[in-house]
Amino acid sequence: TLIDSRRVLELPMNGRNVVALAALLPGASEVSAPETFTGDRSGPTVSMSGSKGNQNALLLDGAPFNALFRNTGLNYPPPDALQEVKVLTNSFSAEYGRHSGSVFNVVTKSGSNEVHGSAWEYLRNQKLNARNFFAPSTKPQLIQNQFGATGGGPILKNKLFVFGSYEGLRVRTGSLLTSAFPPTAAERAGDFSPRTIRDPLTGQPFANNRIPADRIDTVARNVLSPDLVPFQNTPGGQLIVTSPHPQNNQNYLLKLDLNLGKHTIDARYNHSLASEQDIVGNVPSYFPVERTLTVDNVTIGDTFSVTPAFLNQVRFSLNRAPAVITSLNRRNLADLGGNLPVFGPKLPPGITVSGRLSMGSGSGGDQNWLNKTFQISDSINWTKGRHAVKAGFELLKLNYSGLSTFLTNGTFSFTGTFTGNAAADFLLGKAESMQIASPLLDASGLQSNTQGFVQDDWRIHPRLTLNLGLRYELSVPWVHPRDYWGTLHPGVQSQKIKTAPIGMLFPGEPGVPR
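The notes below deal with the structure included here.

About the criteria used
Residues numbered from 1 in each chain as written. Predicted model: local features only at pLDDT ≥ 70, side-chain atom pairs only at ≥ 80, totals over all residues. Heavy atoms only, no water. Helix = DSSP H or I, 4+ residues; strand = E, 2+ residues; numbered from the N terminus. Buried < 20%, exposed > 50% of the residue type's maximum accessible area, 1.4 Å probe, protein only. Contact = heavy atoms within 4.5 Å. Areas by Shrake-Rupley, 256 points an atom, 1.4 Å probe, with all protein chains shown as cover. Lys, Arg positive; Asp, Glu negative; His and termini not counted. Charge placed at Lys NZ, Arg CZ, Asp CG, Glu CD. Pairing = 2+ DSSP bridges. Polar contact = N/O pair within 3.5 Å; in protein donor to acceptor, adjacent residues only side chain to side chain. Patch = residues over 30% accessible without salt bridge, like charges linked within 9 Å, V, L, I, M, F, W, Y side chains within 5 Å. Salt bridge = Lys/Arg side-chain N within 4 Å of Asp/Glu carboxyl O. Phe/Tyr/Trp six-rings, centres within 6.5 Å; stacked < 30°, edge-to-face > 60°.

## What about the overall build of the chain?
Here's step 1: The helix and strand tally for the chain stands at 4 helices and 26 strands.
Here's step 2: With the C-alpha coordinates aligned to their principal axes, the bounding extent of the chain is approximately 100 × 70 × 45 Å.
Here's step 3: When the 514 residues of the chain are sorted by exposure, 44% land in the buried category.
Here's step 4: For the chain, contacts bridging at least 24 residues in sequence account for 65% of all contacts bridging at least 6.
Here's step 5: Element-wise, carbon and sulfur atoms account for 58% of the exposed surface of the chain, whose accessible area totals about 25,200 Å².
Here's step 6: Each charge class in the chain can be summarised by its mean position, and for the 46 positive and 37 negative side chains these summaries are 2 Å apart.

Here it is, written out as structure tokens:
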């Protein structure tokens, strides 16, 4: 399916993400095309003909445009900067491989001898929105601006051309939170009357159903300070608040085309920066976070017209996409009065009080994920009589670096097991379960892929064409850049790490290749 620039602009797309056009194709389902995103696993996905949503190859000017971690897509430049969108859903030629879903090949516009450009502005806000029945009388804020411009023209007439685009997105929205039931002022002081709470030391009810002040846990007392956990603001004991969720996105594109007669050289740079502020849990002031995703994509290509019937195309590309999550609350267990060892950066612990509070998590804190893809490819196109032959090879280097504070802050679950009341368990510091881990989780990996193909479209008869193709792919196993991944050889002591458990060996040791 080929969609030209006119239809790309005229077809309606919420958020102006061209991946949304896949919803018009037969066999496409579960189309996710976010207008902006900040995680390296939350980009565009499409389930094509029953395939998984992340089994698609997204290409920008022929270069890979996927995030490595879950193979989700990245957001393309704005529709105004695109020449065409080509989507292959089945029966691919041998030129394409590595993915079992669909292929999105998006081509950006180029400059020409004519100066041309465009500008746009789209606005949405809450004034036309209906109010949620459970929300306060004031509707949650929604102000969304999407704006930008394109321009192109000659630098040297008939020789050197330039094209560029910019798009900005500003979203100012508020999320309605209604699920938190913070402890009352009396409960924070230990008074749970008229409900009965048991003393876990004796199994008998506390006197007057009140926890003595000297038995209230220090961490619980500090966590329940009003600046971290506000008091309820409704007669039913709920905390109902609107939490701001600002989002920003900027996308730049610059493309140069140089005509040297038999050689046509193109160079394109695309930069995108997405950021947002969010919360982890249902209490906005406890675990606020900032998330960013930066994408830098560079492609350089040379098309050499050897003869009118023989073309050679060489292309280099580099894609770099770091995703970062930063906690905005830098108080950890030690700052709150805890005596557990501190691992990694300072982050507040994840706390769940059944039916009352959900604050933070073990996976919502500081993270730094870096996706890097390098590609070099060379292909030929040769037309000879009834044959149209295309052949080529590709070297694809994948580099994923992932560091996260998974469970280093500690997570604690309070369910009422000890006193019969989850909030009383929390006040006593009696968690039913806890998790804590060290050191930082390192999920890095390197992989090399070598691929080659030959395709012959043989027109035997005006009414009959044979599409013949052969493709070979060699994907070597992933390796850890610092050789952290071990293997099991029962009864053998590691010579590389003397203190490792018997049977655990590491790359570089006898019989353990990388």
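## Description of the pairing of strand E19 (residues 387–404)
Two faces, one strand: in a regular strand the side chains alternate between the faces of the sheet.
Here's step 1: Of the pairings in the sheet, the one linking strand E18 (residues 367–384) to E19 comprises 18 bridges and is antiparallel in character. Pairing of tryptophan 382 across the sheet is with valine 389, part of E19.
Here's step 2: With antiparallel pairing between neighbouring strands as the criterion, E18 and E19 make up a hairpin whose turn holds 2 residues, including glycine 385 at a positive phi of roughly 60 degrees.
Here's step 3: Two strands pair when backbone bridges link them, and E19 and strand E22 (residues 441–442) are joined in this way by 2 bridges, in the antiparallel orientation. Note on E22: the bridge partner recorded for leucine 403 is aspartate 442.

## Let's talk about unusual backbone geometry
Most peptide bonds take the trans form, and the phi angle of most residues other than glycine is negative.
Here's step 1: Cis geometry marks the peptide bond from serine 193 to proline 194; its omega dihedral reads 5 degrees.
Here's step 2: The backbone of arginine 16 shows a phi angle near 60 degrees, a positive value even though the residue is not glycine.
Here's step 3: Take arginine 16: it is sitting in the loop between helix H1 (5–10) and strand E2 (28–32).
Here's step 4: For serine 91, which is not glycine, the phi torsion reads 50 degrees and is therefore positive.

## Regarding the environment of serine 112
Here's step 1: Structurally, serine 112 can be placed in the loop between strand E7 (103–108) and strand E8 (116–125).
Here's step 2: The spacing of serine 112 and asparagine 249 is 137 residues in sequence and 28 Å in space, taken between C-alpha atoms.

## Considering the environment of threonine 242
Here's step 1: Counting through the fold element by element, threonine 242 comes out in strand E11 (residues 239–244).
Here's step 2: Taking C-alpha positions, threonine 242 is 49 Å from phenylalanine 92, a pair spaced 150 residues apart along the chain.

## A closer look at the side chain of glutamine 375
Here's step 1: Among the secondary structure elements, glutamine 375 is positioned in strand E18.
Here's step 2: On the basis of relative accessible area, glutamine 375 is assigned to the buried category, the value being 4%.
Here's step 3: Among the polar contacts listed, one links the side chain of glutamine 375 to the side chain of glutamate 394, at a separation of 3.1 Å.
Here's step 4: Beyond its immediate stretch of four places on either side in the chain, glutamine 375 contacts Gly62, Ala63, Pro64, Arg315, Phe316, Ser317, Glu394, Leu395 and Leu396.

## Remarks on a nonpolar patch on the surface
Here's step 1: Side chains of Leu254, Tyr269, Val298, Ile300, Phe316, Leu318 and Phe374 sit close together on the surface and give an oily, nonpolar patch of about 580 Å² of accessible area.
Here's step 2: Of all elements in the fold, only strand E14 (288–307) and strand E15 (310–327) reach the threshold of two or more residues within the nonpolar patch.
Here's step 3: Within the secondary structure layout, isoleucine 300 lies in strand E14.

## A look at the pattern of salt bridges
Here's step 1: Applying the stated criterion across every chain, the model contains 17 salt bridges.
Here's step 2: A salt bridge links aspartate 266 to arginine 315; its shortest N-O distance comes to 3.4 Å. With aspartate 266 in strand E13 (residues 263–279) and arginine 315 in strand E15, the pair connects residues that are 49 residues apart, well separated along the chain. Residue aspartate 266 shares its accessibility class with arginine 315, and that shared class is buried.
Here's step 3: Between glutamate 276 and arginine 291 there is a salt bridge, with its nearest N and O atoms 3.5 Å apart. A residue pair is termed long-range when its members are at least 10 positions apart, and glutamate 276 in strand E13 and arginine 291 in strand E14 qualify at 15 residues. This pair shows no difference in class: glutamate 276 is buried, exactly as arginine 291 is.
Here's step 4: What you see here is one network of salt bridges that share partners, running through Arg16, Asp80 and Glu167.

## Observations concerning the pairing of strand E6 (residues 82–88)
Here's step 1: As paired elements, strand E1 (residues 2–4) and E6 share 3 bridges and run antiparallel to each other. From the neighbouring strand, leucine 2 faces E6, where its bridge partner is lysine 86.
Here's step 2: For E6 and E7, the ladder comprises 6 bridges, and the chain directions are antiparallel. Across the sheet, the residue bridging to leucine 82 is threonine 108, located in E7.

## A few points about the packing of aromatic side chains
Here's step 1: Throughout the structure, instances matching the rule amount to 7 aromatic pairs.
Here's step 2: Ring centres of tryptophan 369 and tyrosine 400 lie 6.0 Å apart, and the angle between their planes is 15 degrees; this geometry places the pair in the stacked category. With tryptophan 369 in strand E18 and tyrosine 400 in strand E19, this pair connects stretches of sequence that are 31 residues apart. Here tryptophan 369 matches tyrosine 400 in class, with each residue buried.
Here's step 3: Each ring, one from phenylalanine 414 and one from phenylalanine 426, has its centre 5.1 Å from the other, and the planes form 65 degrees; the classification is edge-to-face.

## Points about the sheet that holds E1
Here's step 1: Within the open sheet, the 5 strands sit side by side as E1-E6-E7-E4-E5. Their pairing is mixed. Only two strands of the sheet have a single neighbouring strand rather than two, namely E1 and strand E5 (63–64).
Here's step 2: Relative to E5, strand E4 (residues 57–60) is paired through 2 bridges, and the arrangement is antiparallel. Bridge pairing in E5 places leucine 59 opposite proline 64.

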